[in-house]
Amino acid sequence: MYSVITISDSCADGKATDTSGPHLVNLIKGSLKTDTVNYLLIPDEEELIKQSLIYACDVLKVRAVFTTGGTGFAPRDVTPEATRAVITKEAPQLTLAMTLCSLEKTKFAVLSRAVCGVRNRTLIVNFPGSKKAVGECFQSIVDVLPHVLNLLNEGEIERVRETHRKVQAEGGTVEPSPPELFVHVCPHATGKGGVDRNSPFPMVGVDEALKQVLTSIPTTDATRKQLSRVNIPPFRASIKDGYALKSIGGAGMKKVIGYISAGDAVVQTNFTIDECFKINTGAPVPVHADAVVQIEDTKLVSRENDYEKIVQILTEPPASLDIRPVGSDLRMSEEVFQYRFPIDACQRSLLAAIGEPASVLKLKVAILSTGDELLHPYDTKGTADAGTQEGKIYDSNTTMLVALVRQFGFTEDQCEIQQRVVKDDFESLKHEIESLTGTVHIIICTGGVSMGDKDFVKPVLTALNYELVFGRVNMKPGKPCTYGSSKVTKFFGLPGNPVSAFVTFHLFVLPALRHYLATINETAPHPDKLSLPKITVELMDAKYVLDPRPEYARASITSRNGKLLASITGGQISSRLKSTIDADVLLALPAGTENKPYITAGTELKALILRSDFISRYE
């Protein structure tokens, strides 16, 4: 874990935007291969700087704290003083290395008073306040930082000794070894049969794959309308707390002859122009009253036994003042709404208002996970312990997929879900899928769709006479995604890696669920509302290497002065489910080419919104 602290009065006051701090965060993530960098923005207050440094070192116990700002000669530049007050050892040669590097760029480098040092086992480094200078100074020391951090950590002493051996063997110098990167090379060729062991399924584009899915699902052009069977309000209702009276009587003294609350029966009794009823908001207006005067436009003249007796009306009330007529919100037989599925909170509230129950034909969904290695994560018998059974892992996919289906509004009264874990053999998988085919609308299966000896999904679908619509998609993650169609049941074979299942669910399964639920309820699906909403964002990361396939990276969103910025949530390997925790969007990255192998900060990209609260931070 690392910390970055930006020290700037103007940025802390919101008068300027911090560019050096986020830039430093990205440099640390890229160079030190970490996902965890705490970021803090504080003003140029010496005590606050000291407290922040001590908290990072002693409480958070980060490996290093990097500050930016407050190292110059201005009266408020006190970062060096605060740093010296908390460090236990100074590291002047790190400061010298930064100064020498900066002097090659500008003579004003001599004006920096930066301090480097150690507090207990935490390295503290002061950087200047400009984004450009931060980058230059960081690069001047980045090669030795791993060795410094190893020295501070007794658990990494063997790495220290290895570095020393290399230095001695090579005459005092050693080139830093770059971190070892394991690049997954995914085959894209389509197999031709025989000895060719590539997948025989051609890769289709994401848009084409979704089009093929939706085309295979039954549809209708019908519109299902809900009509009201009541008037709302069903009586003339008071809009205000006040006094119901006859407008012809005008202003003046009125005798209060009764009280009317919401839920009371309509008063049928006639009364004079010098009389009135005290009435609450929403209560039925008396038959012979034609105006309500709010309490604020009256004066209490007298009481009798704690009840109001005489009030003075201070304004001339026009007829119909503050009265909702019968059916003013909704008239009997009027169209309330046109159904959208799944039914949401607004539709449910309107149905409740007219006394109609929600009537939905349920979508039937089965969720399967394949794999002999899978254990149920909530085995109440205590026999499923992935920590003690070799080769076993907990099944997270089923839990995730059920939660996602429910999260997107497919409630129990609209969607019936079955869950099953299936063994990795042809007959077991065939038995399960055959038993579900024709009885459920959609099967969502994870695992068994790639090229392994136990990947039986495609052969099983073929044996059960499913039409294999596609067997590979040109995307990352999720290339092995498979889709099969029968007359009633539609089959999604999602990859077994959790993140691949997560991404392909959102891109393909969710639109299909929405489409199919609308169809079985005799309603035309809304094409623009089937897929996730799209927005345009700017990349925050300094640099991101593009995959040969279009990639859907998990990213968090920051709103900065109304502009949406996307930061990729750490390592994007398809098995790393943690990348979804802070993900607000799926960032649609283009395929890398020889001419464009990477993208940099500021690149505009399309993003698919994953959640309603999709902005993680406001700046």
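- Going by what an unreviewed UniProt entry lists, the protein is known as MoaB/Mog domain-containing protein and is assigned to Anopheles dirus.
- Note on the protein: under the UniProt heading Function (unreviewed entry), the record states "Catalyzes two steps in the biosynthesis of the molybdenum cofactor. In the first step, molybdopterin is adenylated. Subsequently, molybdate is inserted into adenylated molybdopterin and AMP is released."
- For the protein, the Pathway (unreviewed entry) comment in UniProt is given as "Cofactor biosynthesis; molybdopterin biosynthesis."

Here we look at the nonpolar core
Thought 1: With 60 residues, the main nonpolar core has Phe 505 and Phe 508 as its most contacted residues.
Thought 2: Within the residue set of this core, elements represented by two or more residues are helix 9 (206-216), strand 17 (335-338), strand 18 (363-370), helix 11 (397-407), strand 21 (415-422), strand 22 (442-446), strand 26 (490-494) and helix 14 (498-520).
Thought 3: It is helix 14 that contributes the most residues to this core, 15 residues altogether.
Thought 4: Two domains share this core, each providing at least three of its residues, namely domain 2 (206-215 + 359-528) and domain 4 (534-618).
Thought 5: Those residues in contact with Phe 505 that lie beyond four places of it in its chain are Leu 401, Leu 404, Val 405, Phe 408, Ile 444, Leu 494, Leu 510, Pro 511 and Leu 513.
Thought 6: Of all hydrophobic cores here, the second largest spans 27 residues; its members include Val 4, Leu 24, Phe 127 and Leu 145.

So, the sheet that holds strand 26
Thought 1: The six strands are arranged 21-18-22-26-25-23 in an open sheet whose pairing can be described as mixed. Looking at which strands have only one partner, the edges of the open sheet turn out to be strand 21 and strand 23 (467-470). Direction aside, neighbouring strands of the sheet carry axes that sit 20° apart on average.
Thought 2: Here strand 18 runs beside strand 22; their pairing, made up of five bridges, is parallel. Note on strand 22: the bridge partner recorded for Val 365 is Ile 442.
Thought 3: Of the strands in this sheet, strand 18, strand 21, strand 22 and strand 26 touch helix 11, which is tilted by about 170° from strand 21.

Conventions used here
- Residues numbered from 1 in each chain as written.
- Predicted model: local features only at pLDDT ≥ 70, side-chain atom pairs only at ≥ 80, totals over all residues.
- Heavy atoms only, no water.
- UniProt positions renumbered as here; feature names shortened; annotations may be inferred.
- Core = buried A, V, L, I, M, F, W, Y, C linked by side-chain atoms within 4.5 Å.
- Buried < 20%, exposed > 50% of the residue type's maximum accessible area, 1.4 Å probe, protein only.
- Helix = DSSP H or I, 4+ residues; strand = E, 2+ residues; numbered from the N terminus.
- Domains from an automatic or database assignment.
- Contact = heavy atoms within 4.5 Å.
- Pairing = 2+ DSSP bridges.
- Axes fitted to C-alpha atoms, helices over the stretch in contact; angles between N-to-C directions.

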